[in-house]
Each structure stands twice: as C-alpha cells, then as structure tokens.
Amino acid sequence: MFDFIKRKNIRCFCFIMLLSAVLLSPDMSIPTSAAENIEGTKDYEIINPYESVNWSAFGKYKACLHMHTDENGGLQSPKEMIEDCYKKGYDIAAITDHDITNTTWDRNDRNTDKYLTTERLNEIKDGTDRNGRGMIGIPLTTEQSVFDHVNTFWANFVNGSDATIESKIAKCEELGGISHINHPGDASSSLCFDGDQITEMGRGFVDKYTKIFLKYPSCVGIEAFNAGYGNRESFRLIWDHILMNTMPKRMVWGFSSDDTHYTTGTGFNFNIMLMPENTEENIRYSMENGTFYAVAALTNTADSQDSFPVIDNIVVNQDKNLITITGENYDVIEWVADSKIIATGNSIDLNNFEDKVNNYIRAQLKGPGGMSLTQPFGIIEKSTAKIGDIDGIGEVNAIDYALLKRHLLGLGKLSVQQIQFADVDGNGFLNAIDFAFMRQYLLGMIKVFPAEQAIR
C-alpha cells in the first residue's frame, strides 16, 4: 500500500511540475494544430442529415412556414391566404400571425367569414380538386413578436410584453412545441458584416443565438432565406457563424420563408420536406431532423414552380470522405465551409480541402430559377479528433490542462477550433466545469467526457 501511495505521489508531483512549467513560461505560444496539415490523409466521419431519406421513394412536399393574414398585420384574410397557397402547389402551410395563435383553418371563435368552411377545409385536406394532392396545416402556430421574432409551432401561447427571445423559446419547449428564429439580426443584419468579416454587432447576435441553440433543443433552426427582408446574404452568414460554433454536436437547420403579408408575396420562398407521406407527424420529424432543403425561387406562379433548383439525391461515401449531389435546374453547386465558398461541382472530396473544412459543410445549388440550400453536414476528423485534445497531438494530457487554465485565467487565447475541443462538458462555454472535468479525466476518475457522450 505504501509503495502505491508513493508512486501516486511521484506521478502527481511530475504532473504539477509540468503544469507549472507550462503556466509560468511567459513566451509560450499556443499551437493552432499539432502539425502542418497534410492534404489527403485525414479520415472523416460525415454526419448526414439526410441519412433517413429514401430518395427513390419519399415525396417532395412544398411547405410555407411563415405567412400573415389580416388578423394581425397582413392585408388578406386567412381564407384568401390558404386558398392562394393551395393554388400555388403548397402541400403544407402555417399561418403565423403576430401574437395570435392559429388553431384550425375552419375556426369559428373569430370572424367566420375570414376562415374556410369545414366542408372546404376537408376538400383541401383531401385534395379533391387537385388530383388527390391535399394540403394540411400545422396547428398552434404563432410569430411571437415582442422584440426578437420567433416562430413557434405546436405550442398554444402568446408572448407577453416583457418576453425575451429566451423566454419565448423556453415556453414553447415547456409546452412541447418547436421553434425557429426569424430574420436573424432583423433590420440590423446588414451591419453584422463588413464584406465577409463579422463586425462586433454581428458577433453579438451570433453569440446570443449560439447560446440559445446550445440550451434549447426544441429551437430547431433559423431563417437562412426571408423574402420579406430581400433574402439578405447576412442571414446566411449569421447562420454559417452559428454553425462554426455549434457543429457537429448541435445541428442548426436553415429555413426559407416568404414572411408574406399578402398573396402576391407568397410562393417565392419555401421548404421542400422530404417525407414518405404528407402527415403532421412526418412534417414535425422533418423540421426537427433537417430532412428538407430551403428554396428561394425567382418566380411564384404555379406554372413555374418547378424551375428552382431541385435536389434528387444526396450520397455520402464515408469510406472516401465524399459527398455527391444530383438534381435538376441548376448551373452550379457551391460548397460552403466556415461561411466561405471553398469548391464547386456535384461532388466534394473532403480530402482535397483539409485546410478549409473544420466542423461542417453545406451546399447551395444556383440556377436561373433561384437557389436551394442543403442542411449542414457535420464533419468530425476521426484520425485526430478527440474532445479534450486541445493541442491536437492525439491524446489528452497535462499540456491540454495547462492550455485550458491559461485561457480561463486570461493568460492565453485558444483558437476557435481549440475552444471546441476544450469544451469537454459540451455546453458551449468554457468555464471552471470544463477545467474540473479535465482534471478528473487526467486523474483517471472519468474515462469519457460529457461532450463525447453527446456526439456518440
């Protein structure tokens, strides 16, 4: 027993000496990687949001998830907006009036002249005058409009005057609903970037949204397209910067919305839900799991509804680190990582872009009829990726412990990628809890970090 204690004390002494040497070295530089990147050698795990999609059997269902009526802010009645969506080939629609919860399209607790009759509602559901292709509504939908706007689905409440973005999302989650953040940055989004460089204001929005996504799993995504705001590129850049913070452990889906207040503005932006059949249960699964793609079309008539880029199949080859997309109505497919276009073409071999791909990649298809966005693919470098391995040498040791402590004490600064590996509890923040878990790991008290368990 004495020998065991003696050996243990010697190991602890050596550990403390190494830690002290690292901490006390005034000119210590923090490495950004273990070694220079060697192109073509890394092995990746690609997290494919479309893995559950049977591309040959599933249908492509057109969804409007953000529109308004004259019940609050719009110019036309719910009946007129629903009939217009039906005429324009929609399969799914949600009335999201400001601070009024939509219940059913034939509701009789409000002005019945503004809503469908029950007979007409059943015709639309069954598609009796549309070759059996019905359109269904998502119940209990609201745009919660106090300060930051949030769309809530399957949640029967309206925000109060003192609501915050977090309180609305928390209430929605408490009621069993899901939500997404609308027009991120709002009117200020154009000030969030100077060219492709994020500004202090942009960083503030990204940090705020990142904390929300890491805390509330029921908040499933953000509007990457919003026609009412002119489909600002800044919305997609904010989305990308959030993905840089959350992926691959927390997927954040990109939605497309008209945010229309009248029929002539409906039909430009929508989501194509990939589902075995059009049911409320499948719609919710698709929204929660990212089995859809977002579209911004240049025309909104039923005759030209198929002119936008269509995705027919996505194949992920894990062995070759390859993603391939096939589709129609596009001129180019661009691949985006860390908010920048890094490649074009139907396929991307991640081994050809090892210096540009970190934790996610997404694709955007562009053609004469508009643009379609895939959801992000999570990227994990299997060969070297290990939670806690801050210096990137392939193992967690006293150096990693020391780097984390220097960062927490303000004596050094970790890179964005290093911060992801230092966040061993997986809550999106670096604090004393991460430090405690790191210590427990090095002392053999735990074998796996909480963040590793979340990824698995």
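Owing to the predicted nature of the structure, the values given are computational and were not obtained by experimental measurement.

Engineer: Teacher, can you tell me more about the packing of helix α8 (residues 398-408) against helix α10 (residues 432-442) here?
Structural biologist: The description of two helices packed together rests on the angle between their axes and the distance between the axes. Where α8 contacts α10, the axes come no closer than 10 Å and their chain directions differ by 165 degrees. In this view, α8 runs roughly antiparallel relative to α10, as classed from their interaxial angle. In terms of crossing hand, the pair formed by α8 and α10 is left-handed. Residues A398, D400, Y401, L404, K405 and L408 of α8 touch α10, and the partners they reach there are D434, F435, M438, R439 and L442.

Engineer: What is the right way to read the nonpolar core from this model?
Structural biologist: Inside soluble globular proteins, nonpolar side chains tend to come together where they are buried. With 50 residues, the main nonpolar core has I138, I181, Y209, I222 and M287 as its most contacted residues. In terms of residue count, helix α6 (residues 233-246) provides more of this core than any other element does, six residues in total. Y44, Y86, L121 and A343 belong to the second largest nonpolar core, which has 46 residues in total.

Engineer: What is the right way to look at the sheet that holds strand β10 (residues 219-226) in this model?
Structural biologist: The strands that make up a sheet are held in pairs by hydrogen bonds between backbone atoms, and each pair lies either parallel or antiparallel. Spatial ordering of the open sheet is given by β5-β6-β7-β10-β11, a layout of five strands whose pairing is mixed. What marks the edges here is a single partner per strand, and that holds for β5 (142-144) and β11 (253-257). Neighbouring strand axes in the sheet, compared pairwise and without regard to direction, differ in orientation by 35 degrees on average. As paired strands, β10 and β11 are joined by five bridges and run parallel to one another. Bridge pairing in β11 links I222 to G254.

Engineer: When you look at the pattern of salt bridges in this model, what are you seeing that I'm missing?
Structural biologist: A side chain with one charge can pair with a side chain of the opposite charge if their charged atoms come near. Across all of its chains, the model carries 20 salt bridges by this definition. In this structure, the salt-bridge partner of E71 is K114, at a minimum N-O distance of 3.8 Å. Here the residue E71 occupies a position in the loop between β2 (59-67) and α2 (78-87), and K114 occupies one in the loop between β3 (92-95) and α3 (118-126), the gap between them amounting to 43 residues. For E71, a relative accessible area of 14% puts it in the buried group. Across the pair D129 and R120 runs a salt bridge whose closest N-O atoms are separated by 3.2 Å. Exposure remark for D129: the relative accessible area of 47% places this residue in the partly exposed category. Beyond isolated ion pairs, a larger network of salt bridges with shared partners links D70, E71, R110 and K114.

What counts and what doesn't
Residues numbered from 1 in each chain as written. Predicted model: local features only at pLDDT ≥ 70, side-chain atom pairs only at ≥ 80, totals over all residues. Heavy atoms only, no water. Axes fitted to C-alpha atoms, helices over the stretch in contact; angles between N-to-C directions. Helix = DSSP H or I, 4+ residues; strand = E, 2+ residues; numbered from the N terminus. Parallel < 35°, antiparallel > 145°, perpendicular 65-115°, else oblique. Left-handed = near helix turned anticlockwise from the far one by under 90°. Contact = heavy atoms within 4.5 Å. Core = buried A, V, L, I, M, F, W, Y, C linked by side-chain atoms within 4.5 Å. Buried < 20%, exposed > 50% of the residue type's maximum accessible area, 1.4 Å probe, protein only. Pairing = 2+ DSSP bridges. Salt bridge = Lys/Arg side-chain N within 4 Å of Asp/Glu carboxyl O.

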